[in-house]
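Coordinate inspection notes
So you can see what is in the structure, the chains are spelled out below.
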Amino acid sequence: YFVKKFNLKFGLNKILVTYHPETRNKNYSEKDFKEILIAIKNFKNINFFFTLPSPDPGNEKIINLIIKFCKKNKNCYFVRSFGRISYFSILKYVDGVMGNSSSGILEVPSFKIPTINIGKRQFGRVQSSSVLNCDRNYKQIKKNINKVLDKKFQKKIKKTKNIFFKKNFLKNTISKIKKFTNIF
């Protein structure tokens, strides 16, 4: 399905990359993203799937860098958006995610795959043990990509619990809303 719909070719290892401009520190987004690209150049045996950044100021510079980089690197693919359903589906097929998206903190741990969280955009959020935090530095990013592919680490991640998952959350929320509305 993904191969056809998004014109993607799957190799042995796959990492999904989503990097948004840092709204608190606008001067660093483009420079920091270049650090990610420098790190990725070292991994010709991994397919990297880039998605669009958020529409925050500075995103056009990141988009241009992604497009140019993907044209020059055969193992890199640009997908404007997977959409919510396809995004969750592709998480079943990748070895990890990388960037600074809240999805890597909130949803990805449920898929038992690691997140390389780069920079300070998600600073202060409680995180599951599958999240690897690193500075915006290509050496640290490269080190964490290697860790994501490490078989021992992958085995450990399979035991991770998503701290944001709550059993019967929807059912309990509806019950509480019903109770609350019956008061009035």
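For the structure, see preceding data.
Treat the numbers as computed from the prediction; the structure is a model and nothing was measured. (Residues numbered from 1 in each chain as written. Predicted model: local features only at pLDDT ≥ 70, side-chain atom pairs only at ≥ 80, totals over all residues. Heavy atoms only, no water.)

**Considerations on the nonpolar core**
So the rule is basically this: By convention a nonpolar core is built from buried Ala, Val, Leu, Ile, Met, Phe, Trp, Tyr and Cys residues, the set being connected through side-chain atoms within 4.5 Å. In this scheme, a residue with accessible area under 20% of its type's maximum is buried, one over 50% is exposed, and one in between is partly exposed, where area comes from a 1.4 Å probe on protein chains only. Helix and strand assignments follow DSSP, with helices taken as H or I runs no shorter than four residues and strands as E runs no shorter than two, numbered in order from the N terminus. Contacts are residue-level and defined by heavy atoms, with any inter-residue pair within 4.5 Å sufficient.
By size, the foremost hydrophobic cluster in this structure holds 29 residues, and its most contacted members are Phe-33, Ile-40, Phe-48, Phe-50, Met-98 and Ile-145. For this core, the secondary structure elements donating two or more residues are strand E1 (13-18), helix H2 (29-40), strand E2 (46-51), helix H3 (59-72), strand E5 (115-118), strand E6 (131-134), helix H6 (138-149) and helix H7 (151-157). Every residue in contact with Met-98, bar those within four places of it in the chain, is listed here: Ile-15, Leu-16, Val-17, Thr-18, Ile-36, Ile-40, Phe-48, Ile-116, Ile-118, Ile-141 and Ile-145. The next biggest cluster of nonpolar side chains, apart from the first, holds 12 residues, and it includes Leu-16, Ile-90, Leu-91 and Val-108.

**Some points on the packing of aromatic side chains**
Note the cut-off: Any Phe, Tyr or Trp ring, taking Trp's six-membered ring, that has another such ring centre within 6.5 Å forms a pair; planes under 30 degrees apart are called stacked, those over 60 apart edge-to-face, and the others tilted.
Here the structure, examined in full by the defined rule, presents 6 aromatic pairs. With a centroid separation of 6.3 Å and 70° between ring planes, the pair formed by Phe-33 and Phe-50 is classed as edge-to-face. Of this pair, Phe-33 sits in helix H2 while Phe-50 is found in strand E2, placing the two residues 17 residues apart along the sequence. Residue class for Phe-50 comes out buried when judged on its relative accessible area of 1%. Seen from their ring centres, Phe-88 and Phe-111 are 6.0 Å apart, and the 15° between their planes marks the pair as stacked.

**Looking at a positive patch on the surface**
Just so we agree on the cut-off: Here the term patch refers to residues with relative accessible area over 30% and no salt bridge, with like charges joined within 9 Å and nonpolar side chains (Val, Leu, Ile, Met, Phe, Trp, Tyr) within 5 Å. For the area figures, the Shrake-Rupley method with a 1.4 Å probe applies, and any residue is considered shielded solely by the protein chains shown. Salt bridges are defined by distance alone: a side-chain nitrogen of Lys or Arg within 4 Å of a carboxyl oxygen of Asp or Glu. Counted as positive: Lys and Arg. Counted as negative: Asp and Glu. His and the chain ends are not counted at all. Charge positions are represented by NZ for Lys, CZ for Arg, CG for Asp and CD for Glu.
Together, Lys-41, Lys-44, Lys-68 and Lys-72 line one region of the surface with positive charge. Note that Lys-41 resides in the loop between H2 and E2.

**Details of the environment of Asp-56**
Heads up, the condition is: A 3.5 Å cut-off defines polar contacts: any pair of N or O atoms within that distance qualifies, except that in protein one atom must be a possible hydrogen donor and the other a possible acceptor, and neighbouring residues in sequence count only when both atoms are side-chain atoms.
When you line up the elements, Asp-56 lands in the loop between E2 and H3. Along the backbone, Asp-56 and Glu-22 are 34 residues apart, and their C-alpha atoms lie at a distance of 8.2 Å. In terms of polar contacts, Asp-56 uses its side chain to reach the side chain of Ser-54, at 2.6 Å.

**Overview of the pattern of salt bridges**
Counted by the stated rule, this structure contains 3 salt bridges. For Glu-107, the salt bridge identified is with Arg-84, shortest N-O distance 3.8 Å. Of the two residues, Glu-107 sits in the loop between helix H5 (103-106) and E5 while Arg-84 sits in helix H4 (residues 83-90), which places them 23 residues apart along the sequence. By relative accessible area, Glu-107 is classed as partly exposed at 24%.

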